[in-house]
Amino acid sequence: MNTKGYLDMELLRFTTAGSVDDGKSTLIGRLLYDSKSIFEDQLEAVERASRSRGNEEVNLALLTDGLRAEREQGITIDVAYRYFATPKRKFIIADTPGHVQYTRNMVTGASTADLAIILIDARNGVVEQTVRHSYIAKLLGIPYVTVCINKMDLVDFSEERFCEIERDYREMSAKIGNDAQLHFLPISAKYGDNVVNASERAPWYSGPTLMALLEEVPISHKLGGELQPMRLPVQYVIRPISDKFPDYRAYAGRLAGGVLHVGDAVRVLPSGMTSRVKAIMQADKSQEVAHTPESISVLLEDDIDISRGDMLVGVDDTSPIVGQEFKIMCCWFNAQPMQLRKRYVVRSAVAESVGMVAALDYRVDIHTLEPVTGESTLNMNDIACLTLRTSNPMVFDRYEDNRTTGSLVLIDPDSNETIAAGMIG
Amino acid sequence: MKDFKLTHLKELEAESIYVLREVAAQFERPAILFSGGKDSIVVTYLAYKAFYPAKIPFPLLHIDTGHNFRETLEYRDALVAKLGAQLVVGSVQESIDKGRVKEEQGYNASRNRLQTTTLLDTIEEYKFDACIGGARRDEEKARAKERFFSHRDDFGQWNPKNQRPELWNIFNGRKNMGEHFRVFPISNWTEMDVWQYIYQEHIEMPSLYFTHERACFLRDGQWLAAEPCMRLKPDEQVEVRRVRCRTIGDISCTGLTLSEANTLEDIIEEIAATRITERGGRADDKRSETSMEDRKKEGYF
């Protein structure tokens, strides 16, 4: 059997954003359907459901709308994750709804994405929601933005219309300061043009299909190269306390940046103590070098005090931010409005501290993207710049330098709910 | 390192191990929900890797419907012995005997739904605060919206409209007394990923997954095992066929696939060629368009 192909694939995570009727669910349905990732029983179920709703054609959107309320209202409520694979790659789609009130869902879906697909209705061009989706993609640091200009069949596959929208989009994107790599594609999700199969109806377009683009976008950016500073947030201390391993003490974590070698001199933050890497383990196998984002455990030369929430970095690395006051960009997630100086829990990947919002620097008007100052609260789906103060020192990077060690959430200790997402500025 | 490339299986493994370590760090009394199926076997294997050389810091919890395949129980006991793990069994038969649940009647009677009560009772008895399951988001449309850390209220119920947002790799496991979490470390794996991983890591699997001769009968186009707990309709004939299980659960809802697949390579090839989802053979999902969503809200796996 040829297992080499299967065992050799890479993983690309992407998110999709579009306004309510831009055909996002149809596009995802089309990707799944044309890549033959839909099974017969799923398709039959959708055919049955389409018929019972009186739809004439098979409604591909029904493939992705899972919950009863969504099917009844014809909307998508929450982030849904979809999977498909081609012989080249495995894909995870974070499918998020486009309504204004669900900004938080797009933020959630975007947080782990390597690429964002932004859908534009060719008839409507760049609209307010497009600007908002693009702003969120920039805020969450997604390295690739693929603009799919959809419903090209309804504008007769006009090259002129396509170029006009591309121009408008580039202008808007520059204005919001997005430096993501941009691609533009003329598609029809409903009929499949340029999704998986190249379109004959847009002979003027010589670029790749969406699927080809997804298969070829480089994803090396997330595999911590030699240039990215090493970051190992300590998640858990492995202590077997057994006769066979009497003094064994390993620091387990998922490498969040760069490369770690046996013999590397490391510093523990926030304490500042130093040591050297004695061994890198994955279960019972030792390795000379570990790459981001591998989950490993590390043994050190010296017996020093390290616990969950500490971070190992290169011994001479002065770039991490250690402190108790941070500027963050934040998206408010909860129906409970933000209260200045209320006790919240600040949680990074593995560390936690009590904290509070010391100041609301400005809120971003989601319609104009202009800063609004002089306010004292935030409501659900608001995006703002805050000053955060924590009771214990915490270790972060700037979000633009490292998405894993530059991010945090706020938790309301009264409800235990995750009420905000923050990015270190 | 320019030529370093992380395969999708390594990346999924790293993510799952990260989630398992978060569970150990954030909860007091977690347990692995062990069904004897491939997904819970992979989760248990990942837990072994996550904490080596320490033992897995939580017990395996098996909800036994009393209608399990003999091979499942043998595999379970051998694995527990090998890992030196603790095993907790919740018995559906006991829940029936105590009058906590009522046995379904009729030909399609199944103890599948009754498991929910036994599970919630066992969680309460042992005060488990996080139950780690092998559910995957690709299995079923309601599961596509499930979180890694899925909060359950005092009644063990899932509220899909009010889930905690999950960003980056930050998991919020805070809860009040009496509440618990379901945690799904292999959320992002597909059926194919699971089999490829089993193949890559040489994980030993129950014999039920490979072709074998078995007395079966055909009901509504689906082969089922002719075991004593199954009541046959007058027109149903028992035949010996060469079959294998694509998923393993309670006998009453585990469909058998006619198959000659005898090795992991055969299984991977068979799955690559098949055009029916693995839950296509699950009688429990066919009851209505949203049957999984309804069961999950009540506290099902």
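Worth saying up front: this structure is predicted, and the values here are computed from it rather than measured. (Residues numbered from 1 in each chain as written. Chains lettered and ligands numbered in written order. Predicted model: local features only at pLDDT ≥ 70, side-chain atom pairs only at ≥ 80, totals over all residues. Heavy atoms only, no water.)

Enquirer: So what's going on with the sheet that holds strand β3 (residues 89–95) of chain A? Residues and values would help.
Expert: All names here are of chain A. The six strands are arranged β2-β3-β1-β4-β5-β6 in an open sheet whose pairing can be described as mixed. The open sheet terminates on both sides in strands that have one partner only, identified here as β2 (80–85) and β6 (181–186). In this sheet, neighbouring strand axes are inclined to one another by 25 degrees on average, regardless of whether the strands run parallel or antiparallel. Relative to strand β5 (residues 144–150), strand β4 (residues 115–121) runs parallel, the two being bridged by seven bridges. (Pairing = 2+ DSSP bridges. Helix = DSSP H or I, 4+ residues; strand = E, 2+ residues; numbered from the N terminus. Axes fitted to C-alpha atoms, helices over the stretch in contact; angles between N-to-C directions.)

Enquirer: So what about the confidence of the model for chain B? Which residues, and what values?
Expert: Of all residues in chain B, 89% attain a pLDDT of 70 or more, and the chain-wide mean is 86. Interface predicted TM-score (ipTM) for the complex: 0.91; the corresponding pTM is 0.91. (pLDDT = per-residue confidence, 0-100.)

Enquirer: Explain unusual backbone geometry to me, and be specific about the residues and the numbers.
Expert: Residue Thr 292 of chain A is joined to Pro 293 of chain A through a cis peptide bond whose omega torsion reads 0 degrees. With respect to the element layout, Pro 293 of chain A can be found in the loop between β14 (289–291) and β15 (295–300). Residue Pro 53 of chain B follows Tyr 52 of chain B across a cis peptide bond; omega there is 0 degrees. Located in the positive-phi region is Lys 127 of chain B, a residue other than glycine, with phi close to 55 degrees. Judged by its relative accessible area of 59%, Lys 127 of chain B is exposed. Its identity as a non-glycine residue notwithstanding, Trp 168 of chain B has a phi of 45 degrees, on the positive side. Tracing the backbone shows Trp 168 of chain B in the loop between β5 (149–152) and β6 (180–183). With a relative accessible area of 10%, Trp 168 of chain B lands in the buried category. (Buried < 20%, exposed > 50% of the residue type's maximum accessible area, 1.4 Å probe, protein only.)

Enquirer: Report on the domain arrangement of chain B, specifying residues and quantitative values.
Expert: Residue and element names in this part refer to chain B. For chain B, the domain assignment lists domain 1 (8–193 + 290–298) and domain 2 (203–283). Using only C-alpha atoms to locate each centre, domain 1 and domain 2 end up separated by 23 Å. The interface of domain 1 with domain 2 comprises 28 residues on the first partner and 29 residues on the second. Note on domain 1 versus domain 2: buried area summed over both sides is about 2,500 Å², and carbon and sulfur give 58% of it. (Domains from an automatic or database assignment. Contact = heavy atoms within 4.5 Å. Buried area = accessible area lost by both parts, 1.4 Å probe.)

Enquirer: Break down the interface of chain B and chain A for me, with residues and values.
Expert: Taken residue by residue, the interface counts 74 residues in chain B and 86 residues in chain A. Interface area, chain B with chain A, both sides summed: about 7,100 Å², of which 57% is carbon and sulfur. Inspection of the region where chain B meets chain A yields five salt bridges. The salt bridge involving Glu 15 of chain B is made with Arg 13 of chain A; its shortest N-O contact spans 3.0 Å. On the surface where chain B and chain A come into contact, there are 23 residue pairs in polar contact (both at pLDDT 80 or more). Residue assignment for the side of chain B that touches chain A shows that the elements contributing at least two residues are α1 (8–26), α2 (38–51), α6 (191–201), α7 (264–273) and α8 (291–298) of chain B. For the side of chain B that touches chain A, the element with the most residues is α1 of chain B, which contributes 15 residues. Class assignment of the residues belonging to the side of chain B that touches chain A gives a composition of 32 nonpolar, 17 polar and 25 charged. (Salt bridge = Lys/Arg side-chain N within 4 Å of Asp/Glu carboxyl O. Polar contact = N/O pair within 3.5 Å; in protein donor to acceptor, adjacent residues only side chain to side chain. Nonpolar A, V, L, I, M, F, W, Y, C, P; charged D, E, K, R; others polar.)

Enquirer: Could you give me a rundown of the sheet that holds strand β3 (residues 87–91) of chain B, with the residues and numbers involved?
Expert: All names here are of chain B. Spatial ordering of the open sheet is given by β3-β2-β1-β4-β6-β5, a layout of six strands whose pairing is mixed. This sheet does not close on itself; its edge strands, each paired only once, are β3 and β5. Taken over all neighbouring pairs, the strand axes of this sheet differ in orientation by 30 degrees on average, direction set aside. Inspection of the sheet shows β5 paired to β6 by four bridges, in the antiparallel sense. Across the sheet, residue Arg 152 finds its bridge partner in β6, namely His 180. Seen against the sheet, α1 touches β1 (30–33), β4 (130–132), β5 and β6 and runs at an angle of roughly 40 degrees to β5.

Enquirer: Before we move on, can you summarise the environment of Asp 302 of chain A with the specific residues and values?
Expert: Residue and element names in this part refer to chain A. Following the sequence through the fold, Asp 302 ends up in the loop between β15 and β16 (311–314). Judged by its relative accessible area of 39%, Asp 302 is partly exposed. Considering only alpha carbons, one finds Asp 302 and Gln 42, 260 residues apart in sequence, at a separation of 56 Å. When sequence neighbours within four positions are dropped, the list of residues in contact with Asp 302 reads Thr 274, Ser 275 and Arg 276.

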